[in-house]
Amino acid sequence: MLKVDEQWLSDITYQVNCTDTLLKEEGFTRLGFSKEEEKAIQQFTEISTNLGLHTRQDEAGNVIAKWEGSDSKDAPIAIGSHLDTVKHGGGFDGAAGVICALSAIKTLKDSGFTPSIPIEVICFRSEESSRFGVSTIGSKAMAGLLDKEAIKDVKDEDGTSVQKAVEEVGLTWSNFEKAERMKSELKQFIELHIEQGTRIEQAGSSFGIARAIACPVRLSIELSGKAGHTGTTPMDNRRDALCAAAPLISYVSEEASRRSEASDYPVVATVSTLTVEPNVMTVIPDTVQLGIDIRSVDDELKRELAEAIEKKIISLANESRVECRVETLVDDDSVFLDPETLASLKRVGENLGYKGFDMESGAGHDIMNMAHKWPTGLLFIPCKDGVSHHPSEFASQEDMVMGAEIIAHYLKNEA
Ligand SMILES: [Zn+2]
């Protein structure tokens, strides 16, 4: 049995977060392609180098730390995640995966193990969409899925474009797509991530195995009525856009619950944005925009719900005599991971005495891009109260050690 060096794991948890406390009021803000992300990546590089790994940065800024196997001609097994965060996020979303991967390598090295095929730890750039509204930029580039033209002029709230941000951290925009790797360059990819939910705990399990990543359908709905004075316009002569929208909000939530109960897979749906115009105390709202995010790994289920929502709003709009426009912003197929890789990850965990739970991922991760090209497996560890993207995001040392242990044993079997 391999023994994880718990003190070392704890030390590098602080080191990659460039901090001496993991729970601070303002949390961590390491946006993609910022100097804060850069600093965390430098720590990653330093730790990897000290472990005797050979590190390189690819053209998209992803850092790859490689442990050469005894037969280094073979394609490596890669494992990784990201170190950027949302604004005021926590020190575990992404970081947990990077830390547990490094810890697993340290554990194997301490035990005297030498892999026969190479192992890589990958730290992806700019996974979160919080700076540019575009997620998983680094892993998209590596998997060859990045539409460079579509994002180059996208700007953050300070007016800095993706291209400029990329160049500010010393990368060359014209070379960015060269980060793409061929299928033959990797054998498989594994990611460990915090669950960002509470299903593992609810199931009385210790870790989760995600079979699939639920990708969203996103609807944008605009309702146009007629503005008027709130004091002088009679009730029977109004075209109030907000009155038309109001019942839709509870419909979305109730309908998602109802359809989830009747299906094998859950579907979740949220009215997540709402703007009201003119938003003035004495004026009847004439324009309302709603953004709706619908997710399930059952693509048919989520599309049926999207259609039902569309029908509902059309009928609500008719009743209130307002005009209605529905636009589908995103409609992506869910991504299914490799059953064999998942089964062996689960087996390894259970052989160590931990209880595994088969589940889906409601959130996107770097692995969804890697899954387009390579066999992949996603391992979840619990996080406290399911809280993530928040300063109080926390994964226990015990669960981090479990994660490192499972990965170490998995790599020992596979590499
Ligand atoms: Zn993440």
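Residues numbered from 1 in each chain as written. Predicted model: local features only at pLDDT ≥ 70, side-chain atom pairs only at ≥ 80, totals over all residues. Heavy atoms only, no water.

## Examining the domain arrangement of the chain
How big an interface is tends to be stated in terms of accessible area lost as the parts join. What the domain assignment lists for the chain is domain 1 (6-213 + 334-414) and domain 2 (216-331). A straight line from the C-alpha centre of domain 1 to that of domain 2 covers 36 Å. Contacts between domain 1 and domain 2 engage 9 residues on the former and 7 residues on the latter. Around 530 Å² of area is buried between domain 1 and domain 2 when both sides are counted, 51% of it from carbon and sulfur atoms. Linking domain 1 with domain 2 are 0 salt bridges. Between the two partners, domain 1 and domain 2, sit 3 residue pairs in polar contact (both at pLDDT 80 or more). Its residues assigned to classes, the side of domain 1 that touches domain 2 comprises 4 nonpolar, 3 polar and 2 charged. (Domains from an automatic or database assignment. Contact = heavy atoms within 4.5 Å. Buried area = accessible area lost by both parts, 1.4 Å probe. Salt bridge = Lys/Arg side-chain N within 4 Å of Asp/Glu carboxyl O. Polar contact = N/O pair within 3.5 Å; in protein donor to acceptor, adjacent residues only side chain to side chain. Nonpolar A, V, L, I, M, F, W, Y, C, P; charged D, E, K, R; others polar.)

## Comments concerning helix 10 (residues 339-351)
Each α-helix winds once per 3.6 residues, and so residues spaced three or four apart point in a common direction. Helix length check: helix 10 (13 residues) gives 18 Å between terminal C-alpha atoms against 18 Å at 1.5 Å per residue, within 8%. All buried positions along helix 10 are accounted for by Thr341, Leu342, Ser344, Leu345, Val348 and Gly349. Taken end-on, helix 10 shows its buried residues confined to a sector of 170 degrees, consistent with a single buried face. In helix 10, the exposed residues that point more than 90 degrees away from the buried face are Pro339, Glu340, Arg347 and Asn351. On its buried face, helix 10 is in contact with strand 5 (188-194), strand 6 (207-213), strand 13 (376-381) and helix 12 (397-414). (Helix = DSSP H or I, 4+ residues; strand = E, 2+ residues; numbered from the N terminus. Expected span 1.5 Å × (residues − 1). Buried < 20%, exposed > 50% of the residue type's maximum accessible area, 1.4 Å probe, protein only. Arc of directions from axis to C-beta.)

## Points about the pairing of strand 5
Extensive coverage of strand 5 is indicated by the burial of 7 of its 7 residues. Side chains Gln188, Ile190, Leu192 and Ile194 project from strand 5 onto one buried face, and the interleaved Phe189, Glu191 and His193 project onto a second face that is buried too. Relative to strand 13, strand 5 runs parallel, the two being bridged by 6 bridges. For glutamate 191, the partnering residue across the bridge sits in strand 13 and is leucine 378. (Pairing = 2+ DSSP bridges.)

## Some remarks on the side chain of asparagine 62
Locating asparagine 62 in the fold gives a position in the loop between strand 1 (54-57) and strand 2 (63-67). Residue asparagine 62 is classed as buried on the basis of its relative accessible area, which comes to 0%. Within the structure, the side chain of asparagine 62 is placed 3.0 Å from the backbone oxygen of glycine 138, a separation counted as a polar contact. Not counting residues within four places of it along the chain, the set of residues in contact with asparagine 62 comprises Arg56, Gln57, Cys123, Phe124, Arg125, Gly138, Ser139 and Met142.

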